[in-house]
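Spelled out, the chains give:
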Amino acid sequence: QLQLVESGGGLVQPGGSLRLSCAASGFTLDGYSIAWFRQAPGKEREGVSCISARSSGIANYADSVKGRFTISRDNAKNTAYLQMNSLKPEDTAVYYCAASPRFFCGSFYEPDFGSWGQGTQVTVSS
């Protein structure tokens, strides 16, 4: 069983911050690249950010979140994170984490990601 469980979502005001966590079980996350996707009502699912395997620190971001979101990982805790700052109403979505056995995460090609979490709701509203 390969499982990812997201947590940390909730309701936040515009300009606020949240940190999402993605905890892995059943496998060692260290060797996987990790991505965060999101899906807003009425829109297609889109890639938000991804980070390559191990401790490479190589990360990609969607243009809409650059400078505001930071992806990271703690391999000792088998957990990945998405720090979300300066949140905007358009960030409202269900956020999913996903893992790929590829070392590098250079795109958000969904078939590369074989393990998915259940999603966590992020709502940005006054």
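Structure: above.
Residues numbered from 1 in each chain as written. Predicted model: local features only at pLDDT ≥ 70, side-chain atom pairs only at ≥ 80, totals over all residues. Heavy atoms only, no water.

Examining the pairing of strand 5 (residues 46-51)
- Most of strand 5 sits out of view: 5 of its 6 residues are buried.
- Where strand 4 (residues 33-39) lies against strand 5, 5 bridges are found, and the strand directions are antiparallel. In the strand pairing of strand 5, W36 is matched with S49.
- Hairpin connection of strand 4 to strand 5: 6 residues between the antiparallel strands, including G42 at a positive phi of 75°.
- Note: strand 5 against strand 6 (residues 59-61), 3 bridges, orientation antiparallel. Within strand 6, the position partnered with I51 by the bridge is A59. (Buried < 20%, exposed > 50% of the residue type's maximum accessible area, 1.4 Å probe, protein only. Helix = DSSP H or I, 4+ residues; strand = E, 2+ residues; numbered from the N terminus. Pairing = 2+ DSSP bridges.)

Structural notes on the pattern of salt bridges
- Per the stated rule, a full pass over the model turns up 7 salt bridges.
- Where E46 meets R38, a salt bridge forms, and the shortest distance between an N and an O atom there is 2.9 Å.
- According to the relative accessible area criterion, R38 is buried, its value standing at 5%.
- R45 is the partner of E110 in a salt bridge, and the nearest nitrogen-oxygen pair spans 2.7 Å. Within this pair, whereas E110 is found in the loop between strand 9 (93-100) and strand 10 (115-116), its partner R45 is found in the loop between strand 4 and strand 5, the two being separated by 65 residues in sequence.
- Shared partners join several salt bridges into a network, and the residues in it are R38, E46, R68 and D91. (Salt bridge = Lys/Arg side-chain N within 4 Å of Asp/Glu carboxyl O.)

As for the side chain of D112
- Inspection of the secondary structure puts D112 in the loop between strand 9 and strand 10.
- Engagement of the side chain of D112 in a polar contact is seen with the side chain of R102, the distance being 3.2 Å.
- Once residues within four sequence positions are removed from consideration, D112 is found in contact with A99, S100, P101, R102 and S107. (Polar contact = N/O pair within 3.5 Å; in protein donor to acceptor, adjacent residues only side chain to side chain. Contact = heavy atoms within 4.5 Å.)

Concerning the sheet that holds strand 3 (residues 18-25)
- A sheet is described by the order of its strands in space; here 4 strands give the open sequence 1-3-8-7, paired in antiparallel fashion. Of all the strands in the sheet, just strand 1 (3-7) and strand 7 (69-74) have a single pairing partner and so form its edges. This sheet shows a mean twist of 15° between the axes of neighbouring strands, independent of strand direction.
- In terms of strand pairing, strand 7 meets strand 8 (residues 79-84) through 6 bridges, oriented antiparallel. Across the sheet, the residue bridging to S72 is Y81, located in strand 8. (Axes fitted to C-alpha atoms, helices over the stretch in contact; angles between N-to-C directions.)

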